[in-house]
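Given next are the chains, with one letter for each unit.
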Amino acid sequence: MTSVIIKFCKGSNMLDFTLIAAFFIGLLILCLVTKILSLPVRLLCKMIYNSIIGAICLWGVNILLGILGLAAIPIKFVTALIAGIFGIPGVLLVTVYYLLK
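Definitions and cut-offs
- Residues numbered from 1 in each chain as written.
- Predicted model: local features only at pLDDT ≥ 70, side-chain atom pairs only at ≥ 80, totals over all residues.
- Heavy atoms only, no water.
- Axes fitted to C-alpha atoms, helices over the stretch in contact; angles between N-to-C directions.
- Helix = DSSP H or I, 4+ residues; strand = E, 2+ residues; numbered from the N terminus.
- Contact = heavy atoms within 4.5 Å.
- Patch = residues over 30% accessible without salt bridge, like charges linked within 9 Å, V, L, I, M, F, W, Y side chains within 5 Å.
- Areas by Shrake-Rupley, 256 points an atom, 1.4 Å probe, with all protein chains shown as cover.
- Salt bridge = Lys/Arg side-chain N within 4 Å of Asp/Glu carboxyl O.
- Polar contact = N/O pair within 3.5 Å; in protein donor to acceptor, adjacent residues only side chain to side chain.
- Core = buried A, V, L, I, M, F, W, Y, C linked by side-chain atoms within 4.5 Å.
- Buried < 20%, exposed > 50% of the residue type's maximum accessible area, 1.4 Å probe, protein only.
- pLDDT = per-residue confidence, 0-100.

For the packing of helix H2 (residues 77-86) against helix H3 (residues 88-100), give the residues involved together with the corresponding values.
Contact pair H2 / H3: the axes reach a minimum separation of 5 Å and the direction vectors enclose 140°. In contact with Thr79, Ile82, Ala83 and Phe86 of H2, H3 contributes Ile88, Pro89, Gly90, Val91, Leu93, Val94 and Tyr98.

How would you explain a nonpolar patch on the surface if you had to name every residue and give the values?
Nonpolar side chains collect at one region of the surface, where Trp59, Ile63, Leu64, Ile67, Leu68, Leu70, Ile75 and Leu99 lie side by side and expose about 820 Å² of accessible area between them. Among the elements that take part in the nonpolar patch, helix H1 (residues 2-68) stands out by supplying 5 residues, more than any other. Structurally, Leu64 can be placed in helix H1.

Can you break down the side chain of Asn62 residue by residue, with the values?
With respect to the helices, strands and loops of the structure, Asn62 is situated in helix H1. Looking at Asn62, its side chain comes within polar contact range of the main-chain nitrogen of Ile73, at 2.6 Å. Leaving out residues up to four positions away in the same chain, Asn62 has contacts with Ala72, Ile73 and Ile75.

Could you give me a rundown of the nonpolar core, with the residues and numbers involved?
Grouped together as the largest cluster of nonpolar side chains are 8 residues: Leu58, Val61, Leu65, Ile73, Ala83, Val91, Val94 and Tyr98. Setting aside residues up to four positions removed in sequence, Val91 forms contacts with Gly54, Cys57, Leu58, Val61 and Ala83.

Residues and numbers for the confidence of the model for the protein, please.
Scored by pLDDT, the protein has a mean of 77; 83% of the residues are at 70 or more. Element-level mean pLDDT values for the protein span from 74 in H1 up to 89 in H3. Predicted confidence is poor over residues 4-8, with pLDDT under 50, and the contacts of this stretch with residues over four places away or in other chains come to 0 contacts.

The structure is reproduced here in structure tokens:
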């Protein structure tokens, strides 16, 4: 009777280890898949945020150019996107483009 219990416990320990290992591997795979799928959403949110900040910077440049009596920069989706992706250099690039146009 005791030998049956000992064999059952040894087999049970092996099953527990396999179950625990499978659980942690599954959890790791789930974390990796979640990370991969959430990356594009984060990138999209960052681009939208940067585009809004770029539009605000372009608005500030428009006010400054209006005070100086120079041509205004139209704030369109493309100009806000360029300013949003490239940041301050993007705002400068769009400003120089429209001043030289």
